[in-house]
Amino acid sequence: MSFPFAALIELLPVLEQEASENDGDAVFPRDGMARLRRLGAFSAPLPHASGGYGYGTEPAGALPLLRLLRLVGQGSLALGRLLEGHVNAIRLVARYGTDAQMQQVAADVRNGALFGIWVTEGVEPVRFHDDGAAIVLHGEKLFASGALHVTRPLITARAPNGDTRMMLVRRDDPRSASPSIGGISGMRGAGTGRCDFTGMVLTPDALIGLPGDYMRQPEFSAGAWRGIAVALGGIDRLVDLLRLQLADRSRDANPHQRVRMGMALIARETASLWARKAALVAEGHGSDPGDVAATVNLARIATERAGLDVIELVQRGLGLSAFVKSNVVERIQRDLATYLRQPAPDETLVEAAGWFTHRDLPQPEGDA
Ligand SMILES: Cc1cc2nc3c(=O)[nH]c(=O)nc-3n(C[C@H](O)[C@H](O)[C@H](O)COP(=O)(O)OP(=O)(O)OC[C@H]3O[C@@H](n4cnc5c(N)ncnc54)[C@H](O)[C@@H]3O)c2cc1C
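Conventions used here
One numbering rule holds for all chains: residues counted from 1, following each sequence as written. Totals for whole chains, interfaces and linings use all residues, but because this is a predicted model, local features are given only for residues with pLDDT of at least 70 and pairs of side-chain atoms are given and counted only at 80 or more. Each side-chain value is worked out from all heavy atoms of the structure, with water and hydrogens disregarded. Here a strand is any run of E in DSSP of at least two residues, a helix any run of H or I of at least four, and the numbering for each starts at the N terminus. Remark: exposure states derive from per-residue accessible area (1.4 Å probe, protein chains only) relative to the maximum for the residue type, with buried under 20%, exposed over 50%, and partly exposed in between. Structural elements are reduced to axes, namely lines fitted to C-alpha atoms, with helices fitted over the stretch in contact, and the angle between N-to-C directions of any two is expressed from 0 to 180 degrees. Relative orientations are named as follows: roughly parallel for angles under 35 degrees, roughly antiparallel for angles over 145 degrees, roughly perpendicular for angles from 65 to 115 degrees, and oblique for any other angle. If you view the pair so one helix is near and one far, a crossing is left-handed when the near helix is turned anticlockwise from the far one by less than a right angle, and right-handed when it is turned clockwise. Note on contacts: a residue pair is in contact if any heavy atoms of the two residues lie within 4.5 Å. Note on residue categories: nonpolar means Ala, Val, Leu, Ile, Met, Phe, Trp, Tyr, Cys or Pro, charged means Asp, Glu, Lys or Arg, and polar means any other residue, Gly included. Being near a molecule or strand, for a residue, means having at least one of its heavy atoms within 4 Å of it. Here a polar contact means two N or O atoms within 3.5 Å. Within protein one must be a hydrogen donor candidate and the other an acceptor candidate, and residues neighboring in sequence count only if both atoms are side-chain atoms. Only the protein chains shown count as cover for residues, and the accessible areas themselves come from Shrake-Rupley with a 1.4 Å probe. Residue ranges labeled as domains rest on an automatic or database domain assignment. Buried area: the accessible area, evaluated with a 1.4 Å probe, that two parts lose upon being put together, summed over both parts. We define a salt bridge as a side-chain nitrogen of Lys or Arg found within 4 Å of a carboxyl oxygen belonging to Asp or Glu. One less than the number of residues in a helix, times 1.5 Å, gives the span that helix is expected to have. Only residues above 30% relative accessible area that lack a salt bridge enter a patch, with like-charged residues linked at up to 9 Å and the nonpolar side chains Val, Leu, Ile, Met, Phe, Trp and Tyr linked at up to 5 Å.

### A few points about unusual backbone geometry
A negative phi angle characterises most non-glycine residues, just as the trans form characterises most peptide bonds.
So, point 1. With an omega of 10°, the peptide bond between Q217 and P218 qualifies as cis.
So, point 2. Residue placement: P218 occurs in the loop between strand 9 (207-208) and helix 6 (219-222).
So, point 3. The backbone of S250 shows a phi angle near 55°, a positive value even though the residue is not glycine.
So, point 4. Looking at where S250 falls in the secondary structure, it is placed in the loop between helix 7 (224-248) and helix 8 (255-283).
So, point 5. Residue classification places S250 among the exposed positions, given a relative accessible area of 63%.

Here it is in structure tokens:
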């Protein structure tokens, strides 16, 4: 059995339509989630032994997961972000959790749980006190995707001695969060909000891994390749819409517009090559951890650059029509521009450049 990619490709116009309908009121994409779940997208990250495809949890899943996230990103960047967070959390439990914790994750996924990863701190970062029998939380998470819908967020929390720990929270009543962070302009369907954990009590089996595991390299940086894959889907869609809309308006033969189409295709292909390299290096074995982290970091910046270039080319090529709300291009640009804001881009580039000043990038197996 393999993932039904053909069925997913057929579904993309439906996902895009829902994303556009939901944009104005920032409505969560319930229908798209249900359809993706029926296709098996949310159980795909489980290892084969647990009934999944091992996407994100087994090395052979690297390129199929890239394809899955890219396609979902083509249909809806908001859904792509939610799926990416779900995969990320499951991956971390598979990497650092116990067998029993992973079995529980698999059972929860089969029962329809939505996982997410919430690490961004608010004014009051999440802290915890552990007396051996119970863990008591205090503080809140910001920019939490699916704030009202994620039932199993994997969060980071700080212990009194300063250690950072990961913990998997069971939220069977996720309505206690706020779906708003003040009106975000793009990615409105992702339900990005805040969640106050103050007073929540967990049992010790909620702890995943050891102190410091969350920041451990290369995992800490390498996981960003999955966000790159989703962003690539948004880039794909904008490039396709640029070509289609120029042709529809009989403006495609103009040499200036051809230059834009050519530059957009180059940017898209650049992002695609970087995404593939990042996926293979991150999910393969044998690369130096520093090489893995720095390669994915360069891929992040390359994809950001490609996305920003494509947005500019689309705006200049389509003109004001790219800013008209009834044109789907308008929303996708907003979603992509928002999605491309990922943490600490300056540091990401500078550290990767420093790492590769005196050594070459790794080549994934099979590449020249
Ligand atoms: C759609 C969406 C969904 C998200 N969902 C989640 C989620 O589910 N869970 C979660 O945990 N997070 C989530 N996030 C938050 C995300 O992980 C990042 O925290 C966020 O995108 C950071 O963006 P930023 O531009 O504010 O980054 P910043 O890191 O603040 O960068 C902004 C600028 O400041 C610079 N800068 C950074 N640090 C410094 C410094 N110390 N001094 C000077 N300059 C600095 C950067 O290089 C950059 O130029 C989401 C974000 C988006 C866009």
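### Some thoughts on the packing of helix 8 against helix 9 (residues 289-318)
For any two helices packed against each other, the geometry comes down to the angle between their axes and how far apart the axes lie.
So, point 1. With their axes 9 Å apart at the nearest point, helix 8 and helix 9 run at an angle of 160° to one another. Here helix 8 lies roughly antiparallel to helix 9, going by the angle between them. Two packed elements cross with a definite hand, and for helix 8 against helix 9 that hand is left-handed. For the pair formed by helix 8 and helix 9, the contact residues are Q257, R260, M263, A264, A267, A271, W274, K277, A278, V281 and A282 on the first element and V292, T295, V296, L298, A299, A302, T303, A306, V310, L313, R316 and G317 on the second.
So, point 2. Residues that form the contact of helix 8 with helix 9 fall into these classes: 16 nonpolar, four polar and three charged.

### Details of the site of the ligand
So, point 1. If you check the shell around the ligand, you find 16 residues, and the closest are R81, F143, S145, R341 and A344.
So, point 2. Within the side chain of S145, one N or O atom sits 2.7 Å away from a nitrogen atom of the ligand.
So, point 3. Taking 960 Å² as the accessible area of the ligand by itself, protein coverage stands at 60%.
So, point 4. In terms of domain composition, the shell around the ligand takes at least three residues from each of domain 2 (116-208) and domain 3 (219-355).

### Quick word on the domain arrangement of the chain
So, point 1. The assigned domain composition of the chain is domain 1 (5-113), domain 2 (116-208) and domain 3 (219-355).
So, point 2. Domain 1 and domain 3 are separated by 21 Å when their C-alpha centres are compared.
So, point 3. Of the residues lining the interface, 24 residues belong to domain 1; the matching set on domain 3 comes to 28 residues.
So, point 4. Both faces combined, the contact of domain 1 with domain 3 buries some 2300 Å², and carbon together with sulfur accounts for 59% of it.
So, point 5. In this structure, the connection of domain 1 to domain 3 is made through six salt bridges.
So, point 6. For R237, the salt bridge is made with E16, and the minimal N-O distance between the two is 2.5 Å.
So, point 7. Remark: the boundary between domain 1 and domain 3 carries 10 residue pairs in polar contact (both at pLDDT 80 or more).
So, point 8. Secondary-structure elements contributing two or more residues to the side of domain 1 that touches domain 3 are helix 1 (5-23), helix 3 (62-75) and helix 4 (77-96).
So, point 9. Ranked by residue count, the leading element in the side of domain 1 that touches domain 3 is helix 4, at 10 residues.

### A few points about the environment of V109
So, point 1. Take V109: it is sitting in helix 5 (residues 99-110).
So, point 2. Here V109 falls in the buried class, since its relative accessible area comes to 7%.
So, point 3. Separated by 64 residues in sequence, V109 and P45 place their C-alpha atoms 9.8 Å apart.
So, point 4. Setting aside residues up to four positions removed in sequence, V109 forms contacts with F42, S43, L46, H86, I90 and F115.

### Structural notes on the side chain of E16
So, point 1. Mapped onto the secondary structure, E16 falls in helix 1.
So, point 2. Beyond its immediate stretch of four places on either side in the chain, E16 contacts Q74, G75, R237, V328, R331 and I332.

### Focus: helix 7
Note: α-helices contain 3.6 residues per turn, so residues at a spacing of three or four share the same orientation.
So, point 1. For helix 7, built from 25 residues, the straight-helix expectation of 36 Å at 1.5 Å per residue is met to within 8% by its first-to-last C-alpha distance of 36 Å.
So, point 2. Most of helix 7 is tucked away, with 18 of its 25 residues classed as buried.

### A word on a nonpolar patch on the surface
So, point 1. A cluster of nonpolar residues, V259, M263 and I266, forms a patch on the protein surface that exposes about 290 Å² of accessible area.
So, point 2. By the element assignment, I266 lies in helix 8.

### Concerning the pattern of salt bridges
So, point 1. According to the stated counting rule, one finds 23 salt bridges in the structure shown.
So, point 2. Its salt-bridge partner being E330, residue R334 comes within 2.8 Å of it at the nearest N-O pair. Note that R334 and E330 are positioned in helix 10 (residues 328-339) at a spacing of four residues, about one turn of the helix. Assigned by exposure class, R334 and E330 land together as buried.
So, point 3. One network of salt bridges, in which partners are shared, links R70, D236, D240, R243 and R268.

### So, the environment of L92
So, point 1. With respect to the helices and strands, the residue L92 is situated in helix 4.
So, point 2. Residues L92 and T57, spaced 35 residues apart in sequence, show a C-alpha to C-alpha distance of 8.8 Å.
So, point 3. The contact partners of L92, leaving out residues within four places of it in the chain, are G97, I117, L154, M166, I208, Y214 and E219.

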